[in-house]
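Letter by letter, the chains look like this.
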2 protein chains.
Amino acid sequence: MANASFNEIYQALKERILAGRYSVKMRLPIEDELIEEFHSSRYAVRKAIAQLAADGLVYSVKGRGVVLLEHTPQTQQFNLALNNLNGLQSLNAERHLDYRTDVVSFQRRIVDQALSAQTAFEVGIPVYAIQRVRVVDGVRAVLDINYFNAQRIPELTQEIAEQSIYRHFQKNGLKIAVVKRMLRVETATPLDYQLLALGTNNCVGNMISIAFNDQGRQIEYTESHFIPNEFNFNELIRN
Amino acid sequence: MANASFNEIYQALKERILAGRYSVKMRLPIEDELIEEFHSSRYAVRKAIAQLAADGLVYSVKGRGVVLLEHTPQTQQFNLALNNLNGLQSLNAERHLDYRTDVVSFQRRIVDQALSAQTAFEVGIPVYAIQRVRVVDGVRAVLDINYFNAQRIPELTQEIAEQSIYRHFQKNGLKIAVVKRMLRVETATPLDYQLLALGTNNCVGNMISIAFNDQGRQIEYTESHFIPNEFNFNELIRN
DNA sequence: GAGTGGTCTAGACCACGGT
DNA sequence: CCGTGGTCTAGACCACTCC
């Protein structure tokens, strides 16, 4: 492989790790060896290793080398669910076949004091306020409560809300740059009881998302209320 | 500032952003200007900007520049809680004055089939199995259920479990390198009812942590069950 | 002391955004 | 077309691990 770029090196190493090729020593080859093998620069090799570390596959120790992290079948399963995608579509990505969105409420309104305190939007600006229920395998699993800054997004209709709002954004050239997210467990509200399949549970998970466009402006405040026991959020912390 | 290192540049820029110095243009100076101002290299400047982006303060756009993200007082508050520390101590870091740990159970046992399936530890190895309740401001807020690989950690005693296990690790030269974490909302178990101040709630949050040492070996499986409404987990997603 | 990753310099060229 | 950040090269030196 001549002059492999960062991504080729990353993919190749990832494949080998998952295939167990480095399992004996539980170490990656040293940087100089990888540079030689891939006929690449130290920059590209280090970037590939950084990506493997971000995936939770390896850990670099100064003076010792790049160590492979144990991964039993169980910890592999542990890694399945994702939390770094855009809309709520990601919650059930590819896991479920049957999926439906019910638009419960679709309004345009002006941000008042109370809504401003909740959403961090300025008082007086127009927003779309949308409530939708996600029905997964026939179960009312997620209640999405969206507020979009109407001045900074392309026009929305109820029909679009029934499909994917994020896809609509993408088509119209609006790019979500950064999302700040907060996860909480909350006592269920009357609206949750009304719209979600809570069973005997009286709490919901609440994922609050604040999204920014590539101008740095907040365009969205969303609460996603989800039923217990069905959703996992994974995360990796490195020292 | 002559020959400022990455961290000095990062701190200086962060301070200025928070002080609103770049608020007019909502842009950072271009890389070449920063290189000149700090008499530093492009490497250091770019690394500092990368750190600012990881903090959710800025966003880089190729061809346009480094954009500041809006941060209203509310979104600032939104950023408060952390989720990237080690033990459960972090959950209430500096927010609460009164804090106590009750050790409910402290055992050594051998991993059997069922525990192996749950914790990803191999069948047959010895583990410490510890249950502790964290009492915050007089409220039984968190139930910690720990399993530590006894062969890979320094000896534990009930007295240590009453204090901080992680501090004990640190003192004895055991370094936690990586933690894989999963967040869920679950129906409360009988143990949760018994030990936590659930009030009328019948669910808990469950933070499952799998920790690895700097040899890449799993040393810990922990479930932290926490009561609703009191804890926030923050996260930043960038495109 | 030898080996290894971490930091840093000084450049070159490319890809994208806006005019 | 120009300005900007993204990728990449080819080195130097430092800090840490381990023998």
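Everything quoted here is computed from the prediction, not taken from an experiment. (Residues numbered from 1 in each chain as written. Chains lettered and ligands numbered in written order. Predicted model: local features only at pLDDT ≥ 70, side-chain atom pairs only at ≥ 80, totals over all residues. Heavy atoms only, no water.)

**Examining the environment of Phe106(A)**
Residue and element names in this part refer to chain A.
Then, number 1: Inspection of the secondary structure assignment puts Phe-106 in strand 3 (residues 99–110).
Then, number 2: Here Phe-106 falls in the partly exposed class, since its relative accessible area comes to 25%.
Then, number 3: Spatially, the C-alpha atoms of Phe-106 and Arg-132 are 8.7 Å apart, while their sequence positions differ by 26 residues.
Then, number 4: Not counting residues up to four positions away in its chain, the partners in contact with Phe-106 are Tyr-128, Ala-129, Ile-130, Leu-156, Thr-157, Gln-158 and Ala-161. (Helix = DSSP H or I, 4+ residues; strand = E, 2+ residues; numbered from the N terminus. Buried < 20%, exposed > 50% of the residue type's maximum accessible area, 1.4 Å probe, protein only. Contact = heavy atoms within 4.5 Å.)

**A short note on the environment of Asn239(B)**
Then, number 1: Along the chain, Asn239(B) turns up in the segment after strand 9 (233–238).
Then, number 2: Separated by 180 residues in the primary sequence, Asn239(B) and Tyr59(B) have C-alpha atoms spaced 9.3 Å apart.
Then, number 3: Of note is the side chain of Asn239(B), whose polar atom sits 2.4 Å from the backbone oxygen of Ile176(A). (Polar contact = N/O pair within 3.5 Å; in protein donor to acceptor, adjacent residues only side chain to side chain.)

**Points about the domain arrangement of chain A**
Then, number 1: Entries for chain A in the domain assignment read domain 1 (6–78) and domain 2 (88–226).
Then, number 2: With centres defined by C-alpha atoms, the gap from domain 1 of chain A to domain 2 of chain A works out at 38 Å. (Domains from an automatic or database assignment.)

**Some points on the nonpolar core**
Side chains that are nonpolar tend, in soluble globular proteins, to be buried together.
Then, number 1: If you look at the biggest cluster of nonpolar residues, it comprises 76 residues, and the most contacted ones within it are Tyr147(A), Phe226(A), Tyr147(B) and Phe226(B).
Then, number 2: Setting aside chain neighbours within four positions, we find Phe226(B) in contact with Val185(A), Ala141(B), Val142(B), Leu183(B), Val204(B), Gly205(B), Asn206(B), Met207(B), Phe231(B) and Phe233(B). (Core = buried A, V, L, I, M, F, W, Y, C linked by side-chain atoms within 4.5 Å.)

**Thoughts on the sheet that holds strand 9 (residues 233–238) of chain A**
Then, number 1: The antiparallel open sheet is built from seven strands, whose spatial order is 9(A)-6(B)-7(B)-8(B)-5(B)-4(B)-3(B). Pairing within the sheet leaves two strands with one partner each, and these edge strands are strand 9 of chain A together with strand 3 (99–110) of chain B. Taking the axes of each pair of neighbouring strands and ignoring which way they run, one obtains an average angle of 15 degrees across the sheet.
Then, number 2: Bridge count for strand 4 (residues 126–136) of chain B against strand 5 (residues 139–149) of chain B is 10 bridges, and the pairing is antiparallel. When the sheet's bridge partners are listed, Val133(B) is paired in strand 5 of chain B with Leu143(B). (Pairing = 2+ DSSP bridges. Axes fitted to C-alpha atoms, helices over the stretch in contact; angles between N-to-C directions.)

**Re the protein's contact with DNA strand D**
Then, number 1: Neighbouring residues of DNA strand D: 20 residues in total, closest Ser41(A), Tyr43(A), Arg64(A), Arg42(B) and Arg46(B).
Then, number 2: Per the 4 Å cut-off to the protein, sugar and phosphate atoms form 69% of the nearby atoms of DNA strand D.
Then, number 3: Side-chain polar atom of Arg42(B) to a base nitrogen of DNA strand D: 2.7 Å apart, as the coordinates give it.
Then, number 4: Gly63(B) is positioned with one of its backbone polar atoms (N or O) 3.2 Å from a base nitrogen of DNA strand D.
Then, number 5: When contributions to the surface near DNA strand D are tallied by element, the ones reaching two or more residues are helix 3 (42–54) of chain A together with helix 3 (42–54), strand 1 (58–61) and strand 2 (65–68) of chain B.
Then, number 6: For the surface near DNA strand D, the leading source of residues is helix 3 of chain A, giving three residues.
Then, number 7: A per-class count over the surface near DNA strand D returns five nonpolar, seven polar and eight charged. (Near = heavy atom within 4 Å. Nonpolar A, V, L, I, M, F, W, Y, C, P; charged D, E, K, R; others polar.)

**Remarks on the protein's contact with DNA strand C**
Then, number 1: As a structural note, the neighbourhood of DNA strand C is formed by 20 residues, with Arg42(A), Arg46(A), Ser41(B), Arg42(B) and Tyr43(B) the closest of them.
Then, number 2: The separation between a phosphate oxygen of DNA strand C and a polar side-chain atom of Arg64(B) is 3.1 Å.
Then, number 3: When contributions to the surface near DNA strand C are tallied by element, the ones reaching two or more residues are helix 3, strand 1 (58–61) and strand 2 (65–68) of chain A together with helix 3 of chain B.
Then, number 4: Grouping the constituent residues of the surface near DNA strand C by class yields five nonpolar, seven polar and eight charged.

**Some details on the pattern of salt bridges**
Then, number 1: For the coordinates displayed, the defined rule picks out 22 salt bridges over all chains.
Then, number 2: Ionic pairing is found between Lys14(A) and Asp55(A), a salt bridge with its closest N-O pair at 3.7 Å. Here the residue Lys14(A) occupies a position in helix 1 (residues 6–18), and Asp55(A) occupies one in the loop between helix 3 and strand 1, the gap between them amounting to 41 residues.
Then, number 3: Arg152(A) serves as the salt-bridge partner of Glu70(B), at 3.9 Å between the closest nitrogen and oxygen. Of this pair, Glu70(B) sits in the loop between strand 2 and helix 4 (73–78) while Arg152(A) sits in the loop between strand 5 (139–149) and helix 6 (158–162), which puts the two residues in different chains.
Then, number 4: Shared partners join several salt bridges into a network, and the residues in it are Glu31(A), Arg42(A) and Arg46(A). (Salt bridge = Lys/Arg side-chain N within 4 Å of Asp/Glu carboxyl O.)

**Here we look at the packing of helix 1 of chain A against helix 2 (residues 31–38) of chain A**
Residues and elements named next belong to chain A.
Then, number 1: For the pair helix 1 and helix 2, interaxial distance at closest approach is 12 Å and the crossing angle is 115 degrees. In terms of orientation, helix 1 and helix 2 fall into the roughly perpendicular class. In the crossing of helix 1 with helix 2, the sense of the turn from one axis to the other is right-handed. Only Leu-34, Glu-37 and Phe-38 of helix 2 make contact with helix 1, whose side of the interface consists of Ile-9, Ala-12, Leu-13 and Arg-16.
Then, number 2: Of the residues contributing to the contact of helix 1 with helix 2, the split by class is five nonpolar, no polar and two charged. (Parallel < 35°, antiparallel > 145°, perpendicular 65-115°, else oblique. Left-handed = near helix turned anticlockwise from the far one by under 90°.)

**Let's talk about the side chain of Asp192(B)**
Residues and elements named next belong to chain B.
Then, number 1: Within the secondary structure, Asp-192 sits in helix 8 (residues 190–195).
Then, number 2: This buried residue, Asp-192, is left without a salt bridge; Arg-140 holds the nearest opposite charge, at 10 Å.
Then, number 3: Beyond its immediate sequence surroundings of up to four residues, Asp-192 is in contact with Leu-143, Leu-198, Val-204 and His-225. (Lys, Arg positive; Asp, Glu negative; His and termini not counted.)

**Re the side chain of Asp144(A)**
Residue and element names in this part refer to chain A.
Then, number 1: Following the sequence through the fold, Asp-144 ends up in strand 5.
Then, number 2: When its relative accessible area of 2% is taken as the criterion, Asp-144 is described as buried.
Then, number 3: Looking at Asp-144, its side chain comes within polar contact range of the side chain of Ser-224, at 2.7 Å.

**Comments concerning the interface of chain B and chain A**
Then, number 1: At the interface, 60 residues of chain B touch 60 residues of chain A.
Then, number 2: Where chain B abuts chain A, roughly 5,700 Å² becomes buried across the two surfaces, and 50% of that area is made up of carbon and sulfur atoms.
Then, number 3: There are six salt bridges connecting chain B and chain A.
Then, number 4: Between chain B and chain A we count 33 residue pairs in polar contact (both at pLDDT 80 or more) in total.
Then, number 5: Of all the secondary-structure elements, those providing two or more residues to the side of chain B that touches chain A are strand 1, strand 2, helix 4, helix 5 (113–119), strand 6 (176–187), strand 7 (203–213), strand 8 (218–226) and strand 9 of chain B.
Then, number 6: Considering every element that reaches the side of chain B that touches chain A, the biggest residue donor is strand 6 of chain B, with 12 residues.
Then, number 7: The residue inventory of the side of chain B that touches chain A, partitioned by class, reads 26 nonpolar, 21 polar and 13 charged.
Then, number 8: The pairing of strand 6 (residues 176–187) of chain A with strand 9 of chain B spans six bridges and is classified as antiparallel. Bridge assignment links Arg181(A) to a residue of strand 9 of chain B, and that residue is Glu235(B). (Buried area = accessible area lost by both parts, 1.4 Å probe.)

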